[in-house]
Structure formats: structure tokens, C-alpha cells
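Descriptive structure summary
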Amino acid sequence: MTTKYSRRTILRNAASGGAALAMGANSAAFAQAQSAPQLPNIVFILADDMGHADISCNGRRDFVTPIIDRIAAQGARFTQAYANSPVCVAIITGRYQVRLPVGLEEPIAPITKPDIGLPPEHPTLPSLLNKVGYGTALVGKWHLGNLPDFGPLKSGYDHFFGYRSGAVDYFRHVNTGGKPDLWDGDHPVEQAGYLTTMFGDRAVKVIEEYAQGGRPFLLSLHFSAPHWPWEGPDDEAESGRLGGHNLRDYDGGSRETYRKMILALDEQVGRVLEALEDHGLSRNTIVIFTSDNGGERFADTWPFNGRKTELLEGGLRIPALISWPARIKAGLVSEQVTANMDWLPTLLAAAGTEPDPAYPTDGMNLLPQLADGAAPVERRLFWRYKSQWQRAARIGDWKYLKILDNTFLFNVVDDPMERANLKERHKDTYEHVVAEWNAWNATMLPETATSFTENNRSREWVDRPGANPVTLDPDPELR
């Protein structure tokens, strides 16, 4: 059938495979949830390497994403949303990633030591929600450490279906080393299909089973799209050409392939929204759509420059949409500066709980701006990326940026393309923002010579002339 959420016929009850979710109805946490029916469900949808303007409500110029746009129309859209890093996120902890050794990896790579990952004892969004009665499931990407020491089931998720590495082939489901990387819980599985559709299948099943159990839930839906390899739903031949190797696909892809990848993602988001409506959950479900970092090869980062692995705005600015009909008025456009680490305190507040005081959040609760009409507040956000010795800070409208030995001060509201270097005209401001960055950095873990980092090299990127492969050396000024 054709629904208002889909551009073509979709199967509502597509086969998803795997075992049914155990609802745990006899647990104390579930009993608590039963007595608090007002708790909202949460569906957190994460795209991988999506540019700020890769959705039409943010300005995509050559195609439309009607389903994703619907989230903004029914709720709110942030115009100044940032990733916490140009390659990874702080969503699950609500804290700057460089507080942890795993956050020094940019990102986790084959050379990363096996004892590095998200410590199971560290509180997370799913573990904190679990304590107040939520069921929790992750469908999609993990990439925060490998078995046997790390994994979604060790960090607060009750259920997991997806992959553990940074990228997999959409049809073969193998990682960059050519090894199978599809899991149901802690068990490897083989299942045919296009990965974006498979994640939509499982997400719909998760919603159906939690709806039947009557338990509030967090569904983290971490799509691989539109991350490389460049394979749309009809591109199995490209998967065959790559043969499970060379997944970075430097000689493949096109704007048309990228369009098909995003529209396939858009369709699966539609199936998720439809499942919520079918089970009467739409009004009291928080739906978030965002990206882990800025765009990559075929992404639209307009009006910004830069891309993934860079602290220019294009590497950091991301789409960020939220709907919650029970609390957030439709059509809100928020100028509040926000970062990925803000989602944890926001969602915990929506669920009537708080971060663990032993692990205070670095983010802010956005509910006053979203639901109560509060005015935007000034933010102080900081970044550090080892490749090219990059550092950045955003304080008010001002942004400090360092790349190698070059330093800049921009007013990114007036100059979002980061063209006019104002550090000489506004020396006092420049020195103040730099001092703030240094004070912040002193509270973080130091860079190490063993942590991985990657960059956009001129060998693969024609618009990065002279960009050489990075060493693993920290910025000498930070030693």
C-alpha cells in the first residue's frame, strides 16, 4: 500500500529476522514504567556523514527528502547544530569525547589498541533510561569498541542488531577488512538484503514489540547511510565490483548514487513514523533526526566550507530535527546553538531523570527552548582534532580556528563561509576565545602519539592540494 509517509509502495510487515524482543514484564523497572504512562518513547535516528544541507528543509537543491522534512514540520529544526567532533559523537555519554581514551581515536581503526572502547561502567543514555523503566534497543552502527570488552549490550542497550565497525558494505555486510560484520546481539548473523532497508525492517519490528508490551522505549536507529561505499539500493553490481574490499570506493559514486542512498534512508524513516502512528504512539514519542558529523565526498554542506575530519563549519554543522507533538509546537525554527552532547540531558529531562552526578554532562537541556519558549542562550563549545593539529571554539557568534600553525577568528553568523579573518581587528576577542579554549583543553585528556587520526589527503581529494598523510604526532604546543 502507499502511505502518506512513503514515495512508493512499502511492505508494512517486512521480514526482519532475529529473535523477538524480551520485554521483561516482571522487572521492577518495568513496573515503574507501568505506573508512569506519561513517559515519552524516544526514537533517535542518526545518519552517518550527512551534510548540513543534505535534507531539503536545510536547503538541498537537487532533490527533496519529504519524510525527514516532516519531522521538522511537526516539531523543530535547529539552524546552528554542531557535531562534537568531525568524525565521532558524544551522544551516548553527553560529554566531550576527549574525556575518554576512546574519544582520542579519530575514529577507532585497525591500529587502535583492543583495550580501548566505551567503558561499560560509564553511564550512558540507554543505561540511565533503563534505570527508570525504559526498554532500550540499538539498530545500526556501534563503533565504540569490540568484543569481548565492549559492546552495546554492555553499555545499556537491551537489544542490538547492526554492525560494530566504522563502515560495512551495504550488500555483503563486511567491514573494511573484508570480514563479516552483522550482529544480532553478541552473535554474528548472515542475512541477505540492502542494509538501509534491513535496519528499517528491524526498527519497525522493535516498535511493534515494544508497543505490544506497553513499555516506554528508546530506539537508537543508527543508519550507515549515506556513508561510503557508494551503493544505492539497486547497486549490488557495485558491491560485486568492490568484492568486499576497498570500501572507501575512491573510484566510485556519483551525485545520483548519493541521491538514491539518501532517498532510501528517507523511505525507511517513513516506515518508522508509520509504525509509530499505527500503534498510536506518535503524539508521545520524541523523534530526533541528526548526523554524527559533517558531510563527506558527495555531501552538500552549503553554505559552509570544509567537510568530515575538518573543524571548518562544513565538518561540524549537521542537520538536527526533533518532533514531540505532546510538548513541542509544530514548525519551530530554533537559533539555539547546540551540539550532539545536548541530547542526553534533554532526553533524560523529558524522561523525568538526570545524568549521573559522578559523570556530569557537558551538554545542556534543550527543553526550555523547545517546549517552553525560552530564548536562546550563549554557548561555549570547544573542539580538538589531531589531524593537522586542529582546534576550534565557538563562543557567542565568534569562532576561533587553528589549522597547523595558522590561526583565525571568524564571526560565523555574519560570515558562515569563514572567509574574513578578524583576529587582528578584534585582538581582545581573539585572545579571550583562545584563552577559553586553553582552559577547556587543560581539563581534557592530552593527545597521544598512539591514537589514530585521519584526514582528507590530496591523493584522494582534488580540492585539498598539498594535503599530506598525517602523522600520529600530537600538536607540539599541547605537550
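A short tour of the structure in this document, coming up. Just so you know, these numbers come straight off a predicted model, no measurement behind them.

Within the chain, the regular secondary structure consists of 11 helices and 16 strands. For the chain, whose C-alpha radius of gyration is 21 Å, the value lies close to the compact-globule estimate of 23 Å for 479 residues. Here the C-alpha coordinates of the chain stretch approximately 60 × 50 × 45 Å along the principal axes. The burial tally for the chain puts 60% of its 479 residues in the buried class.

Right, let's get into the sheet that holds strand β11 (residues 332-334). Spatially, the 10 strands line up as an open sheet ordered β7-β6-β5-β4-β8-β1-β9-β10-β2-β11, and their pairing is mixed. The open sheet is flanked by β7 (187-188) and β11, the only strands paired with a single partner. Pairing analysis gives 2 bridges linking strand β6 (residues 183-184) to β7, with the strands arranged antiparallel. Within β7, the residue paired with Trp183 across the bridge is Pro188. Along the sheet, helix α2 (residues 66-74) makes contact with β2 (76-78), β9 (285-291) and β10 (320-323), crossing β10 at roughly 60°. Here helix α9 (residues 343-350) sits on the sheet and contacts β1 (41-47), β2, β9 and β10; the angle it forms with β9, its principal contact strand, is near 175°.

To continue, consider the packing of helix α5 (residues 195-213) against helix α7 (residues 255-278). Interhelical geometry of α5 versus α7 gives an angle of 10° and a closest axis separation of 9 Å. Looking at the two axes, α5 sits roughly parallel to α7. Within the contact between the two elements, α5 uses Thr196, Thr197, Gly200, Asp201, Ala203, Val204 and Ile207 and α7 uses Ala264, Leu265, Gln268, Arg271, Val272, Ala275 and Leu276. Looking at side-chain class alone, the contact of α5 with α7 contains 8 nonpolar, 4 polar and 2 charged residues.

Cut-offs used in this document
Per chain, residue numbering runs from 1 following the sequence as it is written. For this predicted model, a pLDDT threshold of at least 70 governs which residues receive local features, and a threshold of 80 or more governs which side-chain atom pairs are given and counted, while totals over whole chains, interfaces and linings are taken from all residues. Derived side-chain values reflect all non-hydrogen atoms in the structure, with water molecules and hydrogen atoms excluded from consideration. Counting from the N terminus, the helices are DSSP H or I runs at least four residues long and the strands are E runs at least two residues long. When we talk radius of gyration, it's over C-alpha atoms, and the globule rule is simply 2.2 Å times the number of residues to the 0.38. Each residue is assigned to one of three classes by its accessible area relative to the maximum for its type, calculated with a 1.4 Å probe on protein chains only: buried under 20%, partly exposed between the two thresholds, exposed over 50%. Pairing between two strands requires that DSSP report at least two bridges joining them. For this analysis, residues touch if any pair of their heavy atoms sits within 4.5 Å. Note on geometry: axes are lines fitted to C-alpha atoms, helical ones only across the stretch in contact, with angles between N-to-C directions running from 0 to 180 degrees. Small angles under 35 degrees read as roughly parallel and large ones over 145 as roughly antiparallel, with 65 to 115 read as roughly perpendicular and the rest as oblique. Three categories are distinguished: nonpolar for Ala, Val, Leu, Ile, Met, Phe, Trp, Tyr, Cys and Pro, charged for Asp, Glu, Lys and Arg, and polar for the others, with Gly belonging to the last.

Treat this as a map of the structure, not an account of what it does.
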